[in-house]
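Inside the fold
The primary structure of each chain is shown beneath.
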Amino acid sequence: MTDKPAFTRREFIGNGAMIVSTMATVPLFLERSAWALTPATGSAVKDRPGVPGERILVVVQMTGGNDGINTVVPFGWREYYKARPGIGIAEKDVLKLDSNAGLGLNPEMGDLKAMMDAGLALGVLGVGYPNPNRSHFSSMDIWHTADPTGRSGKGFGWIGRTLDEMRSQSKGKIDATACVCVGNESPLAANGRQVKPVTFQDANLFRWSGGDLHASLAKEYEAINRAGVVGDVDPNSPMAFVMRTALDAQIASQKIRAAVNKEPVTKFGEGKLASQLRMVAAMIRAELPTRVYYVSLGGFDTHAGQPNTHARNLREFSSAIRSFYAELKAIGAQSRVLTLAFSEFGRRVEQNASNGTDHGTAGPLFLFGEKVRATKTGLLGEQPSLAADRLDQGDLIYNTDFRSIYAAVLQDWMKVDVKEVLGAPFRAASVIKT
């Protein structure tokens, strides 16, 4: 037997630093601990002058390259059925949106159709960018950085730069949970120079786990965290950094875990996206001061056997989004939340020999919420031509630059300077009610 502790204070601090340093939130935690400990005076989402703090943006990433032509189906176009004899969706099955233009939704998207009918959803057609890149990684980076050249992003994403700008507007006051990403890694889009995202796959695992190894660690950990920066430590020293960082991490962890462990008011369906959006709704209900949530749904890279896989993905997507807004309405938050759903590219017009489709270019983008611009058909913009002589090497030619959608979100929803975030004064697309 020995009285020697399982870990010395130095070892504990060292291990704690290593654990905390794996979190993407370290720099922000360093400076926000005191603020996070201060009890809120009134609502946690109270506005600051000129900054509509009650507004929330939710980004849904449809990973893999969604087939836009079998999402918004050009059922009235003979070129469509000629190019897709094996995977084209029969006209009788399409959920009709615009009979004059011959456009409708995939039959598995009934929930999304209902949201369009209620004025809560908008599909923007033909969204893309110049000189399209058909690589998953490169195209996703382009969407994340809002830079088709790949030169100006410099490792920072458009959401991260947005929150950096908000931080600047509020003179450095922005919460450690300003951006929350649900997934196994932080998306580039959320990475800012100053503001970093909180990222977790399972909220219950978003915690310091040293106490699970030995009971003495938990006691030591609590003592250090509750003490903050102790008196004999230089406040500018690495030791003080670790103490403040650990405290901030604990606070964010407790806030998020307490929020997501509450049961929803309404019922969510099965599926990964529904689970992620249930957590997002719970955090909104708990009035976390989060401005941006980021979730994703994979499986859209449909090179073979596309019909069943794509139908299942679209059904899950549509159902999860509708359930999310039903929950938001039940908790009185529907008007505060705008959702943007995108994919890194569409698919080629012609199907391949495996009853699938290969990487293409333009596709539809979806926006959800009370403030989206309502149209008679639920669609905005023009479907790119499918005629062989009006394609780019067999791919659709975009007619709406995705950065014009970002500009609308920034200008008309988040109320930040478009040029500061995107690096140029893009004209905002008319997709949000002002």
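Let us look at the structure shown here. (Residues numbered from 1 in each chain as written. Predicted model: local features only at pLDDT ≥ 70, side-chain atom pairs only at ≥ 80, totals over all residues. Heavy atoms only, no water.)

Here's the deal with the layout of surface pockets
For the record, the criterion: Method remark: on a 1 Å grid restricted to protein atoms, a set of points is classed as a cavity if a 1.4 Å probe fits but cannot get out and as a pocket if it is open with protein on both sides within 12 Å along at least five of seven lines; lining residues have an atom within 4 Å of a point. Grid points are joined across faces, edges and corners, and a volume is the space filled by probe spheres set on the points. Here a strand is any run of E in DSSP of at least two residues, a helix any run of H or I of at least four, and the numbering for each starts at the N terminus. Residue classes follow a fixed rule: Ala, Val, Leu, Ile, Met, Phe, Trp, Tyr, Cys and Pro count as nonpolar, while Asp, Glu, Lys and Arg count as charged, and any other residue, Gly among them, counts as polar.
When its volume is computed, the second largest pocket comes out at roughly 470 Å³. Forming the walls of the second largest pocket are 22 residues, and the residues nearest its centre are Q61, T63, N184, E185 and S296. For the lining of the second largest pocket, the secondary-structure elements that each account for two or more residues are helix 5 (136-145), strand 6 (179-182) and strand 8 (292-297). Residue contributions to the lining of the second largest pocket peak at five residues, all from helix 5. Its residues assigned to classes, the lining of the second largest pocket comprises eight nonpolar, ten polar and four charged.

Quick word on the sheet that holds strand 4 (residues 103-105)
The line we're drawing: Two strands qualify as a pair provided that DSSP identifies no fewer than 2 bridges between them. Contact criterion: two residues are considered in contact whenever any of their non-hydrogen atoms come within 4.5 Å of each other. Helix axes are fitted to C-alpha atoms over the stretch in contact, other axes to C-alpha atoms as well, and angles between N-to-C directions run from 0 to 180 degrees.
One open sheet accounts for three strands, arranged 2-4-3; its pairing is antiparallel. Each of the sheet's edge strands pairs with one partner strand only, and the pair in question is strand 2 (72-73) and strand 3 (95-98). In the sheet, strand 2 pairs with strand 4 via two bridges, with the strands oriented antiparallel. Bridging across to strand 4, V72 finds its partner in L105. Against the sheet, helix 4 (residues 110-117) engages strand 3 and strand 4, with an angle of about 35° to strand 3.

Here's the deal with the packing of helix 6 (residues 158-169) against helix 11 (residues 402-414)
The description of two helices packed together rests on the angle between their axes and the distance between the axes. Short version of the rule: Throughout this description, any angle smaller than 35 degrees is read as roughly parallel, any larger than 145 degrees as roughly antiparallel, any in the 65 to 115 degree range as roughly perpendicular, and the remainder as oblique. Left-handed describes a crossing in which the near helix is turned anticlockwise from the far one by less than a right angle; the clockwise case is right-handed.
The N-to-C vectors of helix 6 and helix 11 enclose an angle of 25°; their axes lie 12 Å apart at closest approach. On the basis of the axis angle, helix 6 is roughly parallel to helix 11. The chirality of how helix 6 crosses helix 11 is right-handed. Within the contact between the two elements, helix 6 uses W158, T162 and M166 and helix 11 uses Y406, V409, L410 and M414. Of the residues in the contact of helix 6 with helix 11, the class split is six nonpolar, one polar and no charged.

What about the packing of aromatic side chains?
Keep this limit in mind: The rule is short: rings of Phe, Tyr and Trp, with Trp giving its six-membered ring, pair when the centres are within 6.5 Å, and they are stacked under 30 degrees, edge-to-face over 60, tilted in between. Relative accessible area decides the class of each residue, using a 1.4 Å probe on protein chains only: under 20% of the type maximum gives buried, over 50% gives exposed, and in between gives partly exposed.
Scanning the model with the defined rule gives eleven aromatic pairs in all. With centroids separated by 4.3 Å and ring planes inclined at 25°, the aromatic side chains of W143 and F402 adopt a geometry described as stacked. Note that W143 is positioned in helix 5 and F402 in helix 11, a separation of 259 residues in sequence. For F402, a relative accessible area of 0% puts it in the buried group. Both rings, one in F366 and one in F368, keep their centres 6.4 Å apart while their planes meet at 25°; by these two values the pair is stacked. Judged on exposure class, the residue F366 and its partner F368 are both buried.

Some points on the packing of helix 9 (residues 272-285) against helix 10 (residues 306-330)
Look at helix 9 against helix 10: their axes get within 9 Å of each other, and the N-to-C directions meet at 15°. Overall, the two elements helix 9 and helix 10 adopt an arrangement that is roughly parallel. For helix 9 against helix 10, the interelement crossing comes out right-handed. Between helix 9, through K272, L273, A274, L277, V280, A281 and I284, and helix 10, the contact on the second element is made entirely by E316, F317, A320, I321, F324, E327 and L328. Here the contact of helix 9 with helix 10 is composed, by residue class, of eleven nonpolar, no polar and three charged.

Things to note about helix 4
Which entries qualify depends on this criterion: The directions from the helix axis to the C-beta atoms form the arc being described.
Where helix 4 is concerned, the buried positions are L112, K113, M115 and M116. The arc enclosing the buried residues of helix 4, seen along the axis, measures out at 160°, which places them on a common side. In the core, the buried residues of helix 4 are packed alongside strand 3, strand 4, strand 5 (121-128), helix 10, strand 10 (363-368) and strand 11 (379-380).

Details of the nonpolar core
Nonpolar side chains in soluble globular proteins tend to be buried together. Where we set the bar: Within this scheme, the nonpolar core is defined by two criteria: the residues are buried Ala, Val, Leu, Ile, Met, Phe, Trp, Tyr or Cys, and they are joined through side-chain atoms within 4.5 Å.
F200, I256, M283, F317, F324 and F368 are the most contacted members of the largest nonpolar core, which totals 65 residues. For M283, the contacting residues outside a window of four places in its chain are V180, F200, I256, A259, V260, L288 and Y293. In terms of nonpolar packing, the next biggest core, distinct from the first, is built from 46 residues, V195, V416, L422 and V431 among them.

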